[in-house]
Amino acid sequence: MSEKTEKRELLAASRFAVAPMIDWTDRHCRFFHRQMMTRGQVYTEMIVADAVLHGDRDRLLGFASVEHPVVLQLGGSDPLKLAEAASIGSDFGYDEINLNVGCPSDRVQSGTFGACLMRTPEVVERAVSAMKAAVSVPVTVKCRIGVDDQDPYAVLPDFVDRMAGAGADALWIHARKAWLKGLSPKENRSVPPLDYPLVYAMKERHPDFFIGINGGILSMDAAETHLEKVDGVMIGRAAYQTPALLADVDHRLFGEPRRALDWEGLRDKMMVYADGELAAGARLSQITRHMVGLMNGYAGARRYRQILSTEATKPGAGPEVIARAFDAVALDEKAA
């Protein structure tokens, strides 16, 4: 298979992605999400290039084969460091490398990367070019529509033009500004207003360039609507807080046969996974914290959450806690 064909197939998987989320989309979360969807992409948390270059790579970059296609998201602004980190990630087996140009946290502001880079698109251009030269897998970018007092209708078209010109394989646009002054990272995920039409306009401007959309997308119905205008849909908080919605991804967005979620199979796979991870030194709560929202909407969901949130944190807690939590739920009965 040619390199061009491989990239095209990988980008076809980008029709849907679970967004990268700091402190949430670690390897345990990604494994859990993969039990409900086999298509689409999962992302790492943003990992700073310097950490990849100088840190514990096995801990930072390790992932399970079931996660494919899995994307490594990097943070940074130095093109040479980003290129080296991208090369390391590619050697680890990641299917794609993504550059974060959207995170508004204090940490990225002090490092002048993340959403700060919306102010210096020429730096992002150089970074993308360097990363493209270093790896054969797709190199993509995730950005905001602007920051602070920028006019998105002035800055975003130029930014998209630059990314396409630099050879980026795809651009994911979070359809909100990031307010680096005055809003917390949490507030930046919901307070700045969404502007989906602006993202649609960028796709019309670049019909041959992959453009995906992110921000405030809560359901598969909404995802299908967006896909009439753009190439891909990325869901973050809704996928994490109500992960059962991922069970519809394969059928509704990729045309696979419809399959009911196998609750017993999911329980058993997570118990086997937890058993292996505990033997390797993990704590049960590191795994179950990502599962807390699974039963939202079912009778017994509150008790399920209580068990995972309290019993899983106790010393010596084992996979049987997952079984007890599942037993608390009446899966044939929706909550009143």
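Everything that follows concerns the structure shown earlier in this document.
Now for a quick tour of the structure.

Basis of the calculations
- Numbering of residues begins from 1 in every chain and follows the order in which that chain's sequence is written.
- pLDDT decides what is reported in this predicted model: residues at 70 or higher carry local features, side-chain atom pairs at 80 or more are listed and counted, and totals for whole chains, interfaces and linings draw on all residues regardless.
- Derived side-chain values reflect all non-hydrogen atoms in the structure, with water molecules and hydrogen atoms excluded from consideration.
- Each helix is a run of H or I in the DSSP string that is no shorter than four residues. Each strand is a run of E no shorter than two, and both are numbered from the N terminus.
- Helices are assigned an expected span. That span is 1.5 Å times one less than the residue count.
- In this description, contact between two residues means that some pair of their heavy atoms is separated by no more than 4.5 Å.
- Axis definition: a line fit to C-alpha positions, over the contact stretch in the case of helices; interaxial angles, taken between N-to-C directions, run 0 to 180 degrees.
- Roughly parallel means an angle under 35 degrees; roughly antiparallel, over 145; roughly perpendicular, 65 to 115; everything else is oblique.
- Whether a crossing is left-handed or right-handed is set by the direction in which the near helix is turned from the far one by less than a right angle, anticlockwise for left-handed and clockwise for right-handed.
- Basically, the charged four are Asp, Glu, Lys and Arg, the nonpolar ten are Ala, Val, Leu, Ile, Met, Phe, Trp, Tyr, Cys and Pro, and anything else, Gly included, counts as polar.
- To pair, rings of Phe, Tyr and Trp, with the six-membered ring standing in for Trp, must have centres within 6.5 Å; the planes then decide the type, stacked if under 30 degrees apart, edge-to-face if over 60, and tilted in the middle.
- Each residue is assigned to one of three classes by its accessible area relative to the maximum for its type, calculated with a 1.4 Å probe on protein chains only: buried under 20%, partly exposed between the two thresholds, exposed over 50%.
- A pair of strands is labelled paired if DSSP reports no fewer than 2 bridges between them.

## Considering helix 7 (residues 121-134)
Inference 1: Look at helix 7: 20 Å from first C-alpha to last across 14 residues, which is about the 20 Å you get at 1.5 Å a residue.
Inference 2: Packing partners of the buried residues in helix 7 comprise strand 4 (70-75), helix 5 (79-92), strand 5 (96-101), strand 6 (139-144) and helix 8 (152-166).

## Some points on the packing of helix 16 (residues 301-310) against helix 17 (residues 320-327)
Inference 1: At a minimum axis separation of 8 Å, helix 16 and helix 17 run at an interaxial angle of 165°. One way to sum up the angle between helix 16 and helix 17 is to call them roughly antiparallel. By crossing handedness, the relation of helix 16 to helix 17 is classed as right-handed. In this structure, helix 16 contributes Tyr304, Ile307 and Leu308 to the contact, and helix 17 contributes Val321, Ile322, Arg324, Ala325 and Phe326.
Inference 2: Here the residues of the contact of helix 16 with helix 17 sort into seven nonpolar, no polar and one charged.

## Description of the packing of aromatic side chains
Inference 1: Throughout the structure, instances matching the rule amount to six aromatic pairs.
Inference 2: The interplanar angle of 50° and the centroid separation of 4.6 Å between the aromatic rings of Phe63 and Tyr94 together place this pair among those described as tilted. Highlighted residues: Phe63 in the loop between helix 4 (57-61) and strand 4 and Tyr94 in the loop between helix 5 and strand 5, separated in sequence by 31 residues.
Inference 3: A residue is classified by how much of its surface remains accessible, and Tyr94, at 2% relative accessible area, is buried.

## Observations concerning the pairing of strand 8 (residues 211-214)
Inference 1: The alternating pattern of strand 8 places Ile211 and Ile213 and Gly212 and Asn214 on opposite faces, both of which are buried.
Inference 2: In terms of strand pairing, strand 7 (residues 170-174) meets strand 8 through four bridges, oriented parallel. Its bridge partner lying in strand 8, Ile173 is registered against Ile213.
Inference 3: Two strands pair when backbone bridges link them, and strand 8 and strand 9 (residues 232-235) are joined in this way by three bridges, in the parallel orientation.

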